[in-house]
Amino acid sequence: MIQCPNCGGVLKFDIEFQQMKCASCSSTFDPYAFEMHGAEESTEYDVTVFRCPQCGGEITSTDETAAGFCSYCGSPNVLESRISKEKRPQFIIPFKKSKKECVTAFEKFTKKAIFAPRSYREAGRADSFRGIYMPYWVYDMSQKGPISVSTSESHRSGDYIITDHYKMSGNMDNFYNGVSYDASSSFADDISSEIAPYSVSDIRTFSPSFLSGFYADTADVPVNVYVKAADDLAKECTYNYLRYNSPMSKKSFDDNKDKVKNRIHTVINRTSTAMFPVWFMAYRNRDRVAYATINGQTGKVSADVPMSVPKYFVCAGIVTAVIFALLMNFLTLTPDILLILVAIIGCISAVMYSSEMKKIISQENYSDDKGMQSKIEQKRQERLRAQQGASFANANNTYQVTENDKKQAARVTSKQKKEEKKNKTSAITIIAIIFAAIGFGPYIFGLLFSDMGLSVPLIGGVITLILLICSIVSMNTARKNINQMKANKSFVASIFSVLSILIIMVILLWDPASDIIYYAAAVAAMIGIIVNIIDMILCYNLLAMRPLPQFDMYKGGDDRG
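The shown structure was predicted, so the numbers you read here are calculated from the model rather than taken from an experiment.

## Here we look at helix α4 (residues 227-244)
Moving on, step 1. Taking 1.5 Å as the rise per residue, α4 with 18 residues should run 26 Å; its terminal C-alpha atoms sit 26 Å apart, in good agreement.
Moving on, step 2. Where α4 is concerned, the buried positions are A229, A230, D231, A234, K235, T238, Y239, L242 and R243.

Structure below.
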């Protein structure tokens, strides 16, 4: 806590004035006026560390007041605190957008999210947002040396096509400064990329004074995690310049992009640590949490928006009624055509359901989050080192199998057997589908083409058979993904779409005389598809709301020296 030299009140960083401002006497001061300068500048500074008892998340602050709730899981607890010394970052971008501007930006964003539940909109109150400085690695890179690209241009002359070949050569002298990636494993890469970029024109030398009135996260992702990503970004930018802005941009490049990029040599001249401003809000529902984050410099919004099932079906009902009215006015919708359309909708819903399951697994396994992947790998390596240290304790210095090894091996073996059993079941299912297609296919096509008679029910039967096969494959893929989900879910709702398509195929091949049977089948099929869609929306909400964070290994990995 920084005290006012005039009245002893608390000084906090004021976004509007970009100065330290006293809450009591409104005096303003330069943030650097409170730095402790000695013969050698300290590489550490004192902070209060708050740990959430619910999820283990940590945030730091120069103030002594505990947060009203955890910024990571939304838990309304008085956070446990302790005093700690943290390594100083080298730079900081101060907050430019106030909390009022932050809430206005969030409200403007949610107006476009028409399916967002009311509770989510109400969660974005001013007191729900926390200003947090997130740690970032900042890379300064250069590209120097010769570059040569073969290009060509073709034109027609009479009956001939003439191709002119060129060689574009030159010397590069490129600089990419301020390329940044978040250095916190708790800050998902997709969120940080959505609120990017930050302009380094506002970057300043770090001082703990800037943190007064805000919270901060600590860096726990090694600098080398994003080196390749930064290198690829610089090469991509250089290639795009050569391809679209160079004097030879109108010519065709003879070499593909990867070959040209491999000729570009990038050198990282400096890596720096910095803190960038983020307004952070957590919307919690049981064991899931949705985040709303706003760039504290530019006001750019990124939010996980869950969906309200009632709102979706009200809107879907209105759209369906309009489409149905248009079809009835401009198209004769016979019962068999109606069934085919319902079958197509069912197949689409099954494929979309499988896609949602795949996205959920990717999110829960942090497949696209380099920072969290580095933490998972670090944790695995530490477990291996700990186990090896306990295993080589004998006199002969030979490896001894421990009880823990046996239990782990048994778990791996059991998992492998389950996977083998699932694969066998999947293979049997696919084989059965193939045999069914081979067995019924010739009969159906024989009926279709006998005496060149083509009826809608028979054509629809073939179409629905193809749709049924696609739906079964999608359902099987969804089942595999559900078995890997951390969420408590074992029900594969796309089975209702599969059953709906199966009913439609049977009715079309049967071709009953009564239209009532067609319409009854259409209603039954739509009920099954609606069940699938409802569960798909619930799965989307799983995707929009991330698993509750558990930062059991929050510290470590920071190699700033």
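Moving on from the coordinates now.
## Brief notes about the pairing of strand β15 (residues 288-295)
Moving on, step 1. Within β15, 8 of the 8 residues are buried, which leaves it mostly tucked inside the rest of the structure.
Moving on, step 2. Residues R288, A290, A292 and I294 line one face of β15 and the alternating positions V289, Y291, T293 and N295 line the opposite face, and both faces are buried.
Moving on, step 3. Sheet topology places strand β14 (residues 266-285) next to β15; 8 bridges connect them, and they run antiparallel. Each bridged residue has a counterpart across the sheet, and for Y283 the counterpart in β15 is A290.

## Digging into the confidence of the model for the chain
Moving on, step 1. Residue-level pLDDT values for the chain average 77, and 76% of them are 70 or greater.
Moving on, step 2. Mean pLDDT per element in the chain: helix α9 (residues 403-449) is the minimum at 53, and strand β8 (residues 91-92) is the maximum at 93.
Moving on, step 3. Below pLDDT 50 for its whole length, residues 36-40 participates in 1 contact with residues either more than four positions away or in separate chains.
Moving on, step 4. Every residue in residues 389-401 is under pLDDT 50, and counting partners more than four places away or in other chains gives 13 contacts.

## Topic: the nonpolar core
Moving on, step 1. Core analysis: the biggest nonpolar cluster contains 39 residues, and Y120, F129, Y133, L211, M275, W279 and I294 have the highest contact counts within it.
Moving on, step 2. Counting 37 residues, the second-largest nonpolar core is a separate cluster that includes L465, M505, M536 and L543.

## Digging into the pattern of salt bridges
Close approach of charged atoms allows side chains with opposite charge to pair.
Moving on, step 1. Using the criterion set out here, one finds 7 salt bridges in the structure.
Moving on, step 2. In this structure, D140 and R270 form a salt bridge, with 3.1 Å as the shortest nitrogen-oxygen distance. Placement of D140 in strand β9 (residues 130-157) and of R270 in strand β14 is noted, with a sequence separation of 130 residues between them.
Moving on, step 3. Its relative accessible area of 11% is what places D140 among the buried residues.
Moving on, step 4. Under the relative-accessibility criterion, R270 is labelled partly exposed at 42%.
Moving on, step 5. Among the salt bridges present, the one from K228 reaches D232, with a minimum N-O distance of 3.0 Å.

## Notes on the sheet that holds strand β4 (residues 28-29)
Moving on, step 1. The antiparallel open sheet is built from 4 strands, whose spatial order is β1-β2-β3-β4. In this open sheet, the two strands that pair with only one neighbour each are β1 (2-3) and β4.
Moving on, step 2. The pairing of strand β3 (residues 19-22) with β4 spans 2 bridges and is antiparallel. Its bridge partner being in β4, M20 is matched across the sheet by F29.

## A few points about the side chain of N532
Moving on, step 1. Note that N532 resides in helix α12 (residues 515-544).
Moving on, step 2. Excluding residues that lie within four positions of it along the chain, N532 makes contacts with S349, A350, Y353, A493, S494 and S497.

## Section: the side chain of S471
Moving on, step 1. Inspection of the secondary structure puts S471 in helix α10 (residues 456-484).
Moving on, step 2. With a relative accessible area of 0%, S471 lands in the buried category.
Moving on, step 3. Discounting chain neighbours no more than four positions away, the residues touching S471 are C347, A350, V498 and I501.

## Here we look at unusual backbone geometry
Moving on, step 1. With omega at 5°, the peptide bond leading from A196 into P197 counts as cis.
Moving on, step 2. Along the polypeptide, P197 turns up in the loop between α3 (189-195) and β11 (204-205).
Moving on, step 3. Notably, Q18 is not glycine yet its phi reads approximately 55°, a positive angle.
Moving on, step 4. Note on placement: Q18 falls in the loop between β2 (10-14) and β3.
Moving on, step 5. One non-glycine residue with positive phi stands out, namely S26, at about 65°.
Moving on, step 6. Within the secondary structure, S26 sits in the loop between β3 and β4.

## A look at the environment of N295
Moving on, step 1. Among the structural elements, N295 can be located in strand β15.
Moving on, step 2. Distance in space between the C-alpha atoms of N295 and K97 is 8.1 Å, their sequence separation being 198 residues.
Moving on, step 3. Ignoring sequence-local partners within four residues, the contact set of N295 consists of K97, I195, P197, Y198, P277 and K300.
Moving on, step 4. Only 3.0 Å separates the side chain of N295 from the backbone nitrogen of T298, close enough to count as a polar contact.

Parameters at a glance
Residues numbered from 1 in each chain as written. Predicted model: local features only at pLDDT ≥ 70, side-chain atom pairs only at ≥ 80, totals over all residues. Heavy atoms only, no water. Helix = DSSP H or I, 4+ residues; strand = E, 2+ residues; numbered from the N terminus. Expected span 1.5 Å × (residues − 1). Buried < 20%, exposed > 50% of the residue type's maximum accessible area, 1.4 Å probe, protein only. Pairing = 2+ DSSP bridges. pLDDT = per-residue confidence, 0-100. Contact = heavy atoms within 4.5 Å. Core = buried A, V, L, I, M, F, W, Y, C linked by side-chain atoms within 4.5 Å. Salt bridge = Lys/Arg side-chain N within 4 Å of Asp/Glu carboxyl O. Polar contact = N/O pair within 3.5 Å; in protein donor to acceptor, adjacent residues only side chain to side chain.

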